[in-house]
Amino acid sequence: MARLRTYLELVRFEHTLFALPFAYGGMLLAGRGWPGLETFFWITLAMVGARTAAMALNRLIDRAIDARNPRTAQRHLPRGALSPAEVLALSLISLLLLGVAALKLNALTASLLPVAVFFLVGYSYTKRFTWLCHYWLGLTIGAAAVGGWIAVTGAFEPATFALWAAVGLWIAGFDILYATQDFHFDRQNRIHSVPARFGLATALQIARATHFLAWLGFGLTGLLYGAGVVYFLGVLCVGVVLWYEHRLVSPSDLSKIDAAFFQANVVVSLGMFAFIALETLL
């Protein structure tokens, strides 16, 4: 049990609360309601596999960087709580779960599996050469909403791309906020990020602009989908939460970054899912 607890700590399943609600939201929108237990099961398995693989690979690939950063030096690999071989094995098992689920859903999800793996693996390397790494992460995690959608329909629709853009920009925006914690370390170690490239004040402005575009993307999704009042009420609430999130931080005070990063964004994901569920199930 202690070893299992260590693995769960490594992959931080609480972060699944960012992507999983949007995977389910995409599923409900695509099916205009409940798609059935079997589809729900395979979507859940795919998300667990993808999320676990992404986090484990990130920890494995970044272990040398994490060991040098005081904020991350106590993570499992730098302090020796898990070995690289163990984390690699967890990654491969998780990718296998993702693959099985994709094959069980439909031909399109199966054909896109190599693309998904490429983006999952590639994210950890992007910070080594571009400050656009946050948007790569958004593109990768935002695909969860697309995955939930095409798992039901087996096809892309205009609203699918709008939802992907909205979720991806939302992820990128709060990842920029998160990266402000490592501003000095990243500059000293030539790690690429928006804060390291542009400074804290400009990074916060870029994060705000990115979240504004995300909010517009959620609205565009509803327009292309033909959503009703309930959905757009959810979009309005998301806008309020994002506004509040950016009120919590400033270049001179990053003490509330955890609340801005985790608490506010869990409210965004779970709240938007709740409004999508009300829109499609009632």
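That block above? That's the structure.
Read on for a plain summary of the structure. Here the structure is a predicted model, which means the values were calculated and not measured. (Residues numbered from 1 in each chain as written. Predicted model: local features only at pLDDT ≥ 70, side-chain atom pairs only at ≥ 80, totals over all residues. Heavy atoms only, no water.)

### Some words on helix 7 (residues 113–126)
- Over its 14 residues, helix 7 runs 20 Å from end to end, which matches the ideal 20 Å to within 8%, given 1.5 Å per residue.
- By the burial criterion, the buried members of helix 7 are Leu113, Leu120, Gly122, Tyr123, Ser124 and Thr126.
- As for helix 7, its buried residues are in contact with helix 3 (37–61), helix 5 (84–105), helix 6 (107–111), helix 8 (133–153) and helix 9 (158–179). (Helix = DSSP H or I, 4+ residues; strand = E, 2+ residues; numbered from the N terminus. Expected span 1.5 Å × (residues − 1). Buried < 20%, exposed > 50% of the residue type's maximum accessible area, 1.4 Å probe, protein only. Contact = heavy atoms within 4.5 Å.)

### Describing the packing of aromatic side chains
- Taken as a whole and judged by the stated rule, the model has 18 aromatic pairs.
- Both rings, one in Phe18 and one in Phe174, keep their centres 4.9 Å apart while their planes meet at 50°; by these two values the pair is tilted. Linking Phe18 in helix 2 (residues 16–31) with Phe174 in helix 9, this pair joins segments that are 156 residues apart in sequence. In this structure, Phe18 and Phe174 share a single accessibility class: buried.
- Ring centres 6.3 Å apart and planes at 55° place the aromatic pair Tyr24 and Phe273 in the tilted group. (Phe/Tyr/Trp six-rings, centres within 6.5 Å; stacked < 30°, edge-to-face > 60°.)

### Some thoughts on helix 9
- In a regular helix each residue adds 1.5 Å, so 22 residues correspond to 32 Å; helix 9 covers 32 Å between its end C-alpha atoms and thus fits that length.
- The buried fraction of helix 9 amounts to 17 of the 22 residues, a majority that puts the element mostly inside the structure.

### Some words on the layout of surface pockets
- For the second largest pocket, the calculated volume is near 180 Å³.
- If you trace the second largest pocket, you find it lined by Arg208, His211, Phe212, Trp215, Leu236, Gly239, Val240, Leu242, Trp243 and His246.
- Contributing elements (two or more residues each) for the lining of the second largest pocket: helix 12 (200–225) and helix 13 (229–247).
- Along the lines of polarity and charge, the residues of the lining of the second largest pocket split into six nonpolar, three polar and one charged. (1 Å grid on protein atoms, 1.4 Å probe; cavity = no way out; pocket = protein on both sides within 12 Å on 5 of 7 lines; lining within 4 Å. Points joined across faces, edges and corners; volume = space filled by probe spheres on them. Nonpolar A, V, L, I, M, F, W, Y, C, P; charged D, E, K, R; others polar.)

Any link to function would need more than the numbers given here.
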